[in-house]
Amino acid sequence: MGGLLALVILVSSSLLMFPSPAASLPLCTDSKSPSALATPLTFCPYNGSTCCNSTEDSQLQKEFQAMNVSNSACASILKSILCAKCDPFSAELFTVATTPRPVPILCNSTVSANSSQSNQAETDFCSTVWDTCQNVSIFNSPFAPSLQGQAGILVNASFTKLTALWQSKGDFCKAFGGASLDESVCFDGQAVKLNSTEAPSPPKGLCLEKIGNGSYLDMAAHPDGSNRAFFSDQKGYIWLATIPEQGSGGILEIDQSSPFLDLTDEVHFDVQFGLMGIAIHPNFAENGRLFASINCDKSKWPGCAGRCACNSDVNCDPSQLPSDGGSQPCQYQTVIAEYSANGSASQPSMAKSAQPIEVRRIFTMGLPFTAHHAGQILFGPTDGYLYFMMGDGGSPNNSGDPYNFSQNKKSLLGKIMRLDVDNIPSVDQINKLGLWGNYSIPSDNPFTEDNGLQPEIWAVGMRNPWRCSFDAARPSYFMCGDVGQDTYEEVDLITKDGNYGWHAYEGPYRYASEGNTSVQAKNFILPVLGYNHSQVNNKLGSASITGGYFYRSTTDPCMYGRYLYADLYAGALWAAMETPENSGNFTSSEIPFSCATDSPIKCDSVQGSSLPSLNYIYSFGEDNRKDIYILAYNGVYRVVRPSRCSYTCPKESITNVSAPAPSTQPSDANLLVYRYSSLVCLVASLWLFLWGNM
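The rules behind these values
- Residues numbered from 1 in each chain as written.
- Predicted model: local features only at pLDDT ≥ 70, side-chain atom pairs only at ≥ 80, totals over all residues.
- Heavy atoms only, no water.
- UniProt positions renumbered as here; feature names shortened; annotations may be inferred.
- Disulfide = S-S within 2.5 Å.
- Helix = DSSP H or I, 4+ residues; strand = E, 2+ residues; numbered from the N terminus.
- Buried < 20%, exposed > 50% of the residue type's maximum accessible area, 1.4 Å probe, protein only.

Named according to an unreviewed UniProt entry, the protein is Glucose/Sorbosone dehydrogenase domain-containing protein originating from Eucalyptus globulus. Its UniProt record gives the protein a comment under Sequence similarities (unreviewed entry), which states: "Belongs to the PQQ oxidoreductase GdhB family." Under the heading Cofactor (unreviewed entry), UniProt records this for the protein: "pyrroloquinoline quinone".

So, in structure tokens, the structure goes:
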């Protein structure tokens, strides 16, 4: 019995050894991104990027004055603590788990050697607060012992000194103190600063192998954790393929003649139209639900009809819109539909096909013109909601979003939306709320704080977001490539209620448009990465960004942690590193790439060169092992060990240990989630066994 108890304790403690997926990120307490101010705040000493506006700054000043602190030293400390709400890292400083704190976490111990916070000295700011203010009267004190489970006496409004509220310095710092750890920050009286380490040298190059000849637009790993993935093309086909083991010499096992789902009868396929994205429900192995984002032509398919994005709600009259290439306004629609693999196998995870009949129409919206409608869909890794990327709708005769759809809070064009597809309201509720289909609205969407927003909206100010992804190691990092107009291609770090500037700005540049956007009235968020059109092949006369992924595989350890992205036309690849880590500051460099000499399929070469020709780079993909794929016009390419292209990576021989191939069961592809859940189940079972035998 004692041995079994020891085993339970050992397994329980091992759960703590898995790293937290969360990490410090510049974020405000309302889960929004800090904003850049045109003029400094008058009370709180925060310039540049901050979580306060002038109104909030004035409110903090009033709170400070109401404290009526006579001691100047204590007053200075209290001001810094109040103003910590303006710190770009205030979300981390004021929140532990999901419980808001009345004051920031006060540094009270040696900063961890691995901490990203720059102050590596022995910081005991909590003791400084106590020693300076313990006998000073503070009215409306923020240090009342209101934290549940912490030491302290009952609150009494007549108590104004710390010594009356708390029994000792130890009790006080137990409630309000904390250390800066690997994944967190603490407040030491100054604005949070991260280590200003230099960016490591970029990798020597990216080695690719070609495993498929097909031309695909999207890829989604099978949620069961196996070595299978779904691939879709623009025409309307979705296939389920088996990915070969690296180094096996195998190619992508995909039967072009037998698609998993054939939507070609519904999809309108053209240069700007088609099957634009797929999303597989996280619980697909149990419920068989999958989703497709398509474009359709209502003149050819009655099921295509929907409300026009140009309507009276957004001060737009469809009858006044010009014809676009012979098509009428809102002749073409963007649609999200749900399909099911249930019934085609004993269990959905084993299904080889899905029913081509819609289970549910999630979303339908008419497009004013034939361009800039993005269309990607993906599930959030932590919240389970469906994110939907939508462009500004384009314009045939005028550039720059002349109808100002992207900045219009009532329009869904030029937005990123967030929908709950697991809780479907009734028809009456859908009509009452004016929704565009069968979904409900997550209760924490930004409209709850800004009633001017349509409830579906998560972020605004996008031009044509082409390929977004969540970082597998840090789900709070939601990166989107946004296609530019004439000058700049950008990558944005998407946050709740973020405004990314279009059409007032194109990347970091002011965009001179005929719209009525007020620059002064907006808090625009600048891109974290990007490139000028002049940086890519000028002979092509065009540029269009393809957003990618953070590289989280062990296959190329020198690439680990870098964000990979590309240009559709130029065949150029970039790798960006964030320094300091979790700061939101990225350094990017174009990276050479080659094809492995032992590639299962011989790579096409650029004429007059040995370099591989990818042609158009449509998308990136990520499998359950976190290996990265490039979906190009010329085929499917996988990032492999750098040594296979004779690139030098000192870490490769140390860290690159070949892992067993994934099976149809969850494997090391979902290592963290799978092991964690397995251990939880094991611990629960062992405890129940112990309880039953005590």
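Let us keep going from here.
1. Some words on the state of the cysteines
Applying the stated criterion across every chain yields a total of 13 disulfides. Paired through a disulfide, cysteine 52 and cysteine 86 show a sulfur-sulfur distance of 2.0 Å. Judged by the sign of its S-S torsion, about -90 degrees, the cystine formed by cysteine 52 and cysteine 86 is left-handed. Of this pair, cysteine 52 sits in the loop between β2 (49-50) and α2 (54-67) while cysteine 86 sits in the loop between α3 (72-83) and α4 (90-94), and the two are 34 residues apart along the sequence. For the pair cysteine 52 and cysteine 86, a shared accessibility class is recorded, and that class is buried. The disulfide bridge from cysteine 74 ends at cysteine 133, spanning 2.1 Å between sulfur atoms. Every disulfide takes its handedness from the sign of the S-S torsion; for cysteine 74 and cysteine 133 that torsion is 120 degrees, giving right-handed. Here cysteine 74 is found in helix α3, whereas its partner cysteine 133 is found in helix α5 (residues 125-133), with 59 residues between them in sequence. Side by side, cysteine 74 and cysteine 133 carry an identical accessibility label, which is buried.

2. Some words on unusual backbone geometry
Excluding glycine, residues mostly carry a negative phi; peptide bonds, for their part, are mostly trans. Across the junction of tryptophan 502 and histidine 503, the peptide omega takes the value 15 degrees, indicating a cis bond. Counting through the fold element by element, histidine 503 comes out in the loop between β23 (488-493) and β24 (505-506). Omega for the peptide link from threonine 579 to proline 580 comes to -10 degrees, which places this bond in the cis form. Along the polypeptide, proline 580 turns up in the loop between β29 (573-578) and β30 (586-590). We note that aspartate 497 has phi near 60 degrees; this positive angle belongs to a residue other than glycine. Relative to the helices and strands, aspartate 497 is located in the loop between β23 and β24. Positive phi outside glycine occurs at lysine 626, with the angle close to 75 degrees. In this structure, lysine 626 sits in the loop between β32 (617-622) and β33 (628-632).

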